[in-house]
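Geometric and topological summary
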Amino acid sequence: MLAKRIIPCLDIKDGRTVKGINFVDLKDAGDPVELAKAYAEKGADELVFLDITATHEKRKTLLDMVGKVAQVLNIPFTVGGGISSSEDVAQVLKAGADKIAINSSAVRNPELITELANRFGSQCVVLAVDARETEKGWEVYLNGGRIPTGIMLFDWLKEAEKRGAGEILFTSMNHDGTKNGFANEALAEISQMINIPLIASGGAGNMQDFADTFVNGKADAALAASVFHYKEIEIHELKQFLKEKNIPVRL
Amino acid sequence: MTKQNIVIINYEAGNIQSVKYALERLGVSAEISNCEATIKHADKVIFPGVGEAAWAMNALKKNGLDKLIPQLKQPVLGVCLGMQLMCASSEEGNTKGLDIFPVETLKFPAEDKVPHMGWNQLNQLNGDLFKGIKNNDFVYFVHSYYVPVNKYTTSETNYIRPFSASLQKDNFYACQFHPEKSGDIGQEILSNFINL
């Protein structure tokens, strides 16, 4: 049976992980390579690296990191942040990433999705989207949820699927950082509307939140950062918990 | 592990670096090449692939690799699209394949999400690649096309329907999943191939 995936997300700045990550057993918790390896050993199904440097001078630092991660990591990983062209993608994939995530650049230029899907295959194109629920409904936001676009989320996701995105990573700005659970109502609607895998993001606080997003939100995977980094939730324990609830996981 | 000459076929199709790194984690170094003589003289050959079938087949033809691969006598391991190209044909771009396995590659019906992406279980395990691997062990898949279960099937996975997770005929081995991305289980499968 296809397992629901648990995906820790690591923010990267200048080739180092940011946020005080609480991995006492690591010599250097700021080293993405060591951290990636530790997460794979703990049972993570995939990893997402989000580069928040995203300036062109620092690109080489990121590519070096991607290469080093690829050498040690035996599970798939996605790299996002500041990717805006076919050339950026070619470099990141060549360094060893399995997938890339695009967000703002795809909103500004939807044709980029088509171009990447045709050149590299849909399987490596993750369309990340930040959205907020307002009176108008779910609206797409840019720059980490600061800039409204006027584009409605569901329309955008349908278009992204049609253009060849292979997977959707949806972050609810209403839920992100609250630790009150994922945006399950919206997730369930999206999951039924599109026929590509859906990653839930934003709102993970406890183990039940993950169970809820898989059952009620019909998500195929769930992404979180701080609950894993600060060891509020241990991945192995989380998977045991999900298994007891008859949710298929890889143990 | 004895020192071996392992060649990964390079035809500009995807995850070649990942396969090389996975072998390095097993303490084996591999050469990436599209040179006919190098491939011919390898002890083992790995035929990876990510991307679109018709495009990949054309890339093989450009280097004459479409003629070479079916004639290889040493153990050959096709991975993902590599496996699909080793079949007679694929519905993807109506592509004629290498016909090592006389079976067809079909598109998953849209009864569930496509691509089949993530960790799924192996069953009906058979053959040398799966020494030490247990039924229901998980490996990582990403694909929209599948090879139905047939007489060359050496393991099965169920998504929408049971399909071939791996194939074998004589010296030709192939897996639909990515052993290089399948954690410890994948490393063990690769190691079994190296030890053939």
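Presented here is a report on the structure given in the accompanying data block. (Residues numbered from 1 in each chain as written. Chains lettered and ligands numbered in written order. Predicted model: local features only at pLDDT ≥ 70, side-chain atom pairs only at ≥ 80, totals over all residues. Heavy atoms only, no water.)

**A short note on the overall build of chain B**
The number of helices and strands found in chain B is six helices and 13 strands. Dimensions along the principal axes, computed over C-alpha positions, put chain B at roughly 45 × 35 × 25 Å. For chain B, the proportion of its 196 residues judged to be buried stands at 61%. Taking all contacts inside chain B whose residues are at least 6 apart in sequence as the whole, residues at least 24 apart take part in 68%. When the accessible area of chain B is evaluated, it comes to approximately 7600 Å², of which 45% is carbon and sulfur surface. In chain B, which carries 18 positive and 20 negative side-chain charges, the distance between the mean positions of the two groups comes to 3 Å. (Helix = DSSP H or I, 4+ residues; strand = E, 2+ residues; numbered from the N terminus. Buried < 20%, exposed > 50% of the residue type's maximum accessible area, 1.4 Å probe, protein only. Contact = heavy atoms within 4.5 Å. Areas by Shrake-Rupley, 256 points an atom, 1.4 Å probe, with all protein chains shown as cover. Lys, Arg positive; Asp, Glu negative; His and termini not counted. Charge placed at Lys NZ, Arg CZ, Asp CG, Glu CD.)

**Things to note about the overall build of chain A**
The helix and strand inventory of chain A stands at 10 helices and 11 strands. At 17 Å, chain A has a C-alpha radius of gyration in line with the 18 Å of a compact globule built from 251 residues. By its C-alpha atoms, chain A is 45 × 45 × 35 Å across when sized along the principal axes. Taken across its 251 residues, chain A has 61% of its residues classed as buried. A separation threshold of at least 6 residues defines the contact pool for chain A, and within that pool the share at least 24 residues apart is 64%. Counting every atom, chain A has about 10100 Å² of accessible surface; 47% of that belongs to carbon and sulfur. (Rg over C-alpha atoms; globule rule 2.2 N^0.38 Å.)

**So, the interface of chain B and chain A**
Taken together, the contact pairs 26 residues of chain B with 35 residues of chain A. Buried surface at the junction of chain B and chain A, summed over both partners, amounts to about 2300 Å²; 54% is from carbon and sulfur atoms. Viewed at the interface, chain A and chain B are joined by two salt bridges. Here B:K181 ties to A:D98 by a salt bridge, and the two come within 3.0 Å at their closest N and O atoms. Every element with two or more residues in the side of chain B that touches chain A is listed here: α1 (16–25), β8 (116–121), β9 (138–143) and α6 (183–194) of chain B. In terms of residue count, the dominant contributor to the side of chain B that touches chain A is β8(B) (six residues). (Buried area = accessible area lost by both parts, 1.4 Å probe. Salt bridge = Lys/Arg side-chain N within 4 Å of Asp/Glu carboxyl O.)

**Observations regarding the layout of surface pockets**
All names here are of chain A. In this structure, the second largest pocket encloses a volume near 900 Å³. Lining the second largest pocket are 38 residues, with C9, D11, L50, D130 and T171 positioned closest to its centre. Elements represented by at least two residues in the lining of the second largest pocket include exactly β1 (5–13), β3 (47–51), β5 (99–102), α4 (104–108), β6 (125–134), β9 (167–172), β11 (221–224) and α9 (226–229). Across the lining of the second largest pocket, the residue classes break down as 17 nonpolar, 15 polar and six charged. (1 Å grid on protein atoms, 1.4 Å probe; cavity = no way out; pocket = protein on both sides within 12 Å on 5 of 7 lines; lining within 4 Å. Points joined across faces, edges and corners; volume = space filled by probe spheres on them. Nonpolar A, V, L, I, M, F, W, Y, C, P; charged D, E, K, R; others polar.)

**Quick notes on the side chain of B:Q74**
All names here are of chain B. Looking at the element boundaries, Q74 is found in the loop between α4 (65–71) and β4 (76–79). A polar atom in the side chain of Q74 sits 3.1 Å from the backbone oxygen of I39. If sequence neighbours within four positions are ignored, Q74 has contacts with I39, K40, A42, D43, K44, V45 and N171. (Polar contact = N/O pair within 3.5 Å; in protein donor to acceptor, adjacent residues only side chain to side chain.)

**Some thoughts on the sheet that holds strand β3 (residues 44–47) of chain B**
All names here are of chain B. With mixed pairing, seven strands are arranged side by side in an open sheet as β2-β1-β3-β4-β13-β12-β11. The two strands at the open ends of the sheet, each matched to only one other strand, are β2 (30–33) and β11 (153–159). Between one strand and the next, the sheet's axes are offset by a mean angle of 25°, whatever the strand orientation. Contacts between α6 and the sheet are confined to β1 (6–9), β3, β4 and β13 (172–175), with β3 contributing the most and set at about 140° to the helix. (Pairing = 2+ DSSP bridges. Axes fitted to C-alpha atoms, helices over the stretch in contact; angles between N-to-C directions.)

Any functional reading would require information beyond the geometric quantities listed.
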